[in-house]
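Structure assessment
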There are 2 protein chains.
Amino acid sequence: MSKKDAPARPEARLPKGLFDVPAQEIRATEKMLGTIKGVFESYGFEPLDTPAIEYTDALGKFLPDQDRPNEGVFSFKDDDEQWLSLRYDLTAPLARYVAENYQNLPKPFRRYQSGPVWRNEKPGPGRFRQFTQFDADTVGASSVAADAELCMLAADTLEALGVPRGQYVVKVNNRRVLDGLLESIGLSGDANAGKRLAVLRAIDKLDRLGIDGVRALLGKGRKDESGDYTKGAELTPDQVEPILKMIQSEQLSGTDFAAALTGIGGDGLKEVAEIGALVEKAGYGDRIKIDLSVVRGLEYYTGPVFEAELTASIKDDKGQTIRLGSVVSGGRYDGLVERFTGEKVPATGISIGVSRLLFGLQRLGTYKESPAPGPVVVLVLDRDRIADYQKMTQTLRAAGLRAEMYLGDAGMKAQMKYADRRNAPCVVIQGGDEKAKGEVQIKDLILGAKLTSIENRDDYLKKQAEAQFAVPEAQLVEKVREVLDRHKT
Amino acid sequence: MSKKDAPARPEARLPKGLFDVPAQEIRATEKMLGTIKGVFESYGFEPLDTPAIEYTDALGKFLPDQDRPNEGVFSFKDDDEQWLSLRYDLTAPLARYVAENYQNLPKPFRRYQSGPVWRNEKPGPGRFRQFTQFDADTVGASSVAADAELCMLAADTLEALGVPRGQYVVKVNNRRVLDGLLESIGLSGDANAGKRLAVLRAIDKLDRLGIDGVRALLGKGRKDESGDYTKGAELTPDQVEPILKMIQSEQLSGTDFAAALTGIGGDGLKEVAEIGALVEKAGYGDRIKIDLSVVRGLEYYTGPVFEAELTASIKDDKGQTIRLGSVVSGGRYDGLVERFTGEKVPATGISIGVSRLLFGLQRLGTYKESPAPGPVVVLVLDRDRIADYQKMTQTLRAAGLRAEMYLGDAGMKAQMKYADRRNAPCVVIQGGDEKAKGEVQIKDLILGAKLTSIENRDDYLKKQAEAQFAVPEAQLVEKVREVLDRHKT
């Protein structure tokens, strides 16, 4: 085909906000998911998987940006013209699953689920359009003991992942504390629903914007660094101050809490105190704290809300401190199953942001994964003897060793370079000479790399002999194993 | 809210062809994926993840039903009006990844990937709209040694999963054998592209339709059981017969193959013979067979094609034999990366249909997973003492035991029923009397269930005492562990 006739070529690229995951990150993530799973299982949670695609009406729309209709979710029409969406979290599918299978579930029903979710949002630093969540939820338990358990689960999970006690905190509040406060400043009733939501969103940004940013958002509004203006909730100063006072109260342990119940009311206070007492008695009082500034941005929470964050300072590559945000979050959502069935089903859960947590752990340095060992590479010196090299490779594998035969067309030098790229601990070489003697050469690449730093001639020769040597073919496995054992840590 | 004012409720249901996966199947699948991963890693393949969503033009359309435009793939528009699709396999995203990152990859590049793919097809028995594939591909190796290696990988994987030798076969062919045959019967050239594709599709249905069905599809066409008519390739009888002869040739081992090279031509024959020789020399000749009826339905294959199937008879719940189809399939696709770059990059791979293989293994009975152990359930007899029960539960967990506290509102009888539902090996009970004595009751539910079958009174009393007994609270962990040890298999 001449160049002129060539069809237009597609460009090899990914849509914004979507990323490939390289081998090392996959291995680190899998190790982390395994640890989380172990802790969740120990609490009696059972796994469940649901598909990525659901009916749009079944998922509902509860994202923080639901005030922008048709945004936030990837949606498309099925052949029968019904709207489908990619799940935006793992909670909405759980509510659908529970409503569909309620009769057949043990009650309470503890389930965990891990998997990707999709958000059709403007991507930015730390904001992706596909990311993994790991959730645990308890359905059918109205007791705050279920909420307290999830807070302890969050704490135990972080410690199992190597975060030292004192370097994280699980913060607990109750959405109804805020509701009570809002009622006391005249913001109850349907007419004020919009204002209440605006207050919720403003408080949820405390971490990012600080107290002055929240004050502006509660009042007239706020211009951000890019010059964009966000309209405020337009509360009066008399309404703003009690809210700011509440969210600035220090983190409290359960027993301190009773003393702080002044000036603000609401049903939720009793529940918060109960959670505080439960976790204190179970020995978690130093890690699970009551914090009245926690509200969470999701509209569907109806009671206790919680979030966990790493308290140690986390820096980016340039040494700048990063605001990581919460790595676990959750709360009680007693109304989600009711959407389908009309009957209240109490439910509460937590969600771990897997990538964000992994990033935080890696930055903290508390979670080290050793790089995967590269394979032993069997070089191909004589193309007519590929079957022999293949058989050697299989012999190594059959002995439980990771091994591969070089599959390209290049010569010896490029093959050695390839073995380096593959992080191979050693290569196996058999040219005509070795073949004639019934031998193979084993070359230890890790030792070999160290040779250049040896100055003493005798040492050098000794190490060189150790780094590359011939052995009878029958001893291939044994001798390769000896080389691998040299470098075991 | 009165019933009249209630908003319309969404129905709790999933779109057709999509399914929830219950705990036991998740556990079985995870075990299987772990085994596959282990074998793939031992061959030197490295993991890669790509996102679920790609640009539609980057994925291309290579599904068997590509002659129905706009079908087969879930697609939707991005905010900038560009078309996005859910990946329909893991090969197309790999081609995009390789084209995008070619300079930075070791060559050859061996990668494995596992994850869900989506097909917007009419669902049917064994046909889902979301299913999991587990792929291994080698990019940058034009040698048939790479193809032979993948066939051996398929065989080793099936054996690692417990399929006995002799109960599976990996079948190898080369798409160019068929091309050569088609040329010899006058079907070369662009004008015959449609006919060649029709021949490919017809042969690929041999398993399902038998030789008469293929004959009909190569000729005028075929009416199926439902009365639907499929138009045929409209070959003449002179053209049909050589094709039928080829696909009816018996499975051949590498050394038998040379004798069978009569009557049909083509470039591919040499390569097939080479693969046969390689696998024979590596000791796989009894499991990897040349089979000229294998063509695979995917249009993008350019050379060797392979598929593995379980040969043992597999029956459904009613005892009817099921045609399971291939559980591993693959082939060489040297043109996929070229779509992006304009330069040929040789590539070959296999794909495991995870659900289908799991189903087959479970039916064969060669892959047994033991049911997950249920948690120890701590009953709640006195609601005011929830913190104490919680602490007992935490004590059990801290000792590495799976344990949960009952979180519902129900009484003793319902709690025991719940523990049964949860498959609990034992429950822990502490009412007022036990508390006063500083004791807990441990009830062994597995032993308890066996009591009813004991007829001898003394035996019964002895076993009953073993099945429920009081211990000092300080011995909780030790004694629970003793009960669990009773039932270890």
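Because the structure is predicted, anything quoted here is derived from the model rather than measured. (Residues numbered from 1 in each chain as written. Chains lettered and ligands numbered in written order. Predicted model: local features only at pLDDT ≥ 70, side-chain atom pairs only at ≥ 80, totals over all residues. Heavy atoms only, no water.)

On to the pattern of salt bridges. Enumeration according to the criterion identifies 75 salt bridges over all chains in this entry. Its salt-bridge partner being Arg402 of chain B, residue Glu41 of chain A comes within 3.3 Å of it at the nearest N-O pair. With Glu41 of chain A in helix H1 (residues 23–42) and Arg402 of chain B in the loop between helix H13 (386–398) and strand S17 (403–405), this residue pair bridges two chains. You'll find Glu41 of chain A and Arg402 of chain B in the same group, each marked buried. Its salt-bridge partner being Arg385 of chain B, residue Asp388 of chain B comes within 2.9 Å of it at the nearest N-O pair. On the accessibility criterion, Asp388 of chain B (18% relative accessible area) is buried. The exposure class of Arg385 of chain B is buried, given its relative accessible area of 12%. (Salt bridge = Lys/Arg side-chain N within 4 Å of Asp/Glu carboxyl O. Helix = DSSP H or I, 4+ residues; strand = E, 2+ residues; numbered from the N terminus. Buried < 20%, exposed > 50% of the residue type's maximum accessible area, 1.4 Å probe, protein only.)

Residues and elements named next belong to chain B. Pairing in this open sheet of 5 strands is mixed, and the strands run S17-S16-S18-S19-S20 from one edge to the other. In the strand order of this sheet, the two ends are held by S17 and strand S20 (468–472), each with one partner. In this sheet, neighbouring strand axes are inclined to one another by 25° on average, regardless of whether the strands run parallel or antiparallel. Where strand S16 (residues 376–378) meets strand S18 (residues 426–429), 2 bridges bridge the pair, whose relative direction is parallel. (Pairing = 2+ DSSP bridges. Axes fitted to C-alpha atoms, helices over the stretch in contact; angles between N-to-C directions.)

Interface size is commonly expressed as the accessible area that is lost once the parts come together. Listed by partner, the interface residues are 96 residues for chain A and 96 residues for chain B. A buried area of about 8,100 Å², summed over both sides, lies between chain A and chain B, and 54% of it is on carbon and sulfur atoms. Contact with chain B buries area across many residues of chain A, yet Pro10, Arg13 and Leu407 of chain A alone supply 9% of it, more than any other trio. Counting every contact that joins chain A to chain B gives 24 salt bridges. (Contact = heavy atoms within 4.5 Å. Buried area = accessible area lost by both parts, 1.4 Å probe.)

Let us now look at the sheet that holds strand S15 (residues 347–353) of chain A. Residue and element names in this part refer to chain A. Overall, mixed pairing links the 8 strands, which are arranged S1-S5-S6-S15-S14-S11-S7-S10 in an open sheet. One side of each edge strand has no neighbouring strand; the edge strands of this open sheet are strand S1 (46–47) and strand S10 (288–290). Sheet analysis places strand S7 (residues 168–174) next to S10, joined by 3 bridges and oriented parallel. In the sheet register, Val172 faces S10, and the bridge partner there is Ile290. Contacting strand S6 (130–139), strand S11 (304–310) and S15, helix H12 (residues 354–364) crosses the sheet at an angle of about 50° to S15.

All right, on to the relation of the copies chain A and chain B then. In the superposition of chain A on chain B (RMSD 0.1 Å, axial shift 0.0 Å), the rotation amounts to 180°. Between the two chains, the operation in question is that of a two-fold axis. Taking C-alpha positions as reference, the residue of chain A nearest the rotation axis is Phe76 of chain A, located at 3.0 Å. The share of interface residues of chain A whose copies in chain B are also at the interface is 100%, consistent with both copies meeting through the same surface. (Least-squares fit on C-alpha atoms with pLDDT ≥ 70 in both.)

Residue and element names in this part refer to chain B. One pass over the structure, following the stated rule, counts 22 aromatic pairs over all chains. Here the aromatic rings of Tyr112 and Phe134 are separated by 5.9 Å at their centres, their planes lie at 25°, and the arrangement is stacked. Of this pair, Tyr112 sits in strand S5 (residues 109–118) while Phe134 sits in strand S6 (residues 130–139); the two residues are 22 residues apart in sequence, bridging distant segments of the chain. Phe134 matches Tyr112 in its accessibility class, with the two residues each being buried. Seen from the ring of Tyr102, Lys107 lies directly overhead, with NZ or CZ sitting 4.4 Å from the centre. The ring centre of Tyr284 lies 4.1 Å from the NZ or CZ of Arg287, which sits over that ring. (Phe/Tyr/Trp six-rings, centres within 6.5 Å; stacked < 30°, edge-to-face > 60°. Lys NZ or Arg CZ within 6 Å of the ring centre and 35° of its normal.)

Residues and elements named next belong to chain A. With 5 of its 5 residues buried, strand S14 (residues 328–332) lies for the most part within the structure. Residue alternation in S14 divides its side chains into two sets, Val328, Gly330 and Arg332 and Ser329 and Gly331, and both sets are buried. In terms of strand pairing, S11 meets S14 through 4 bridges, oriented antiparallel. By the bridge assignment, Ala308 is partnered in S14 with Val328. Bridge count between S14 and S15: 5 bridges; the pairing is antiparallel. By the bridge assignment for S15, Gly330 is matched with Ile350.

Chain-level pLDDT for chain A is 88 on average; 92% of the residues reach the 70-or-more range. Overall, residues 65–69 of chain A carries pLDDT values under 50, and its contacts beyond four positions in sequence, including any with other chains, amount to 8 contacts. (pLDDT = per-residue confidence, 0-100.)

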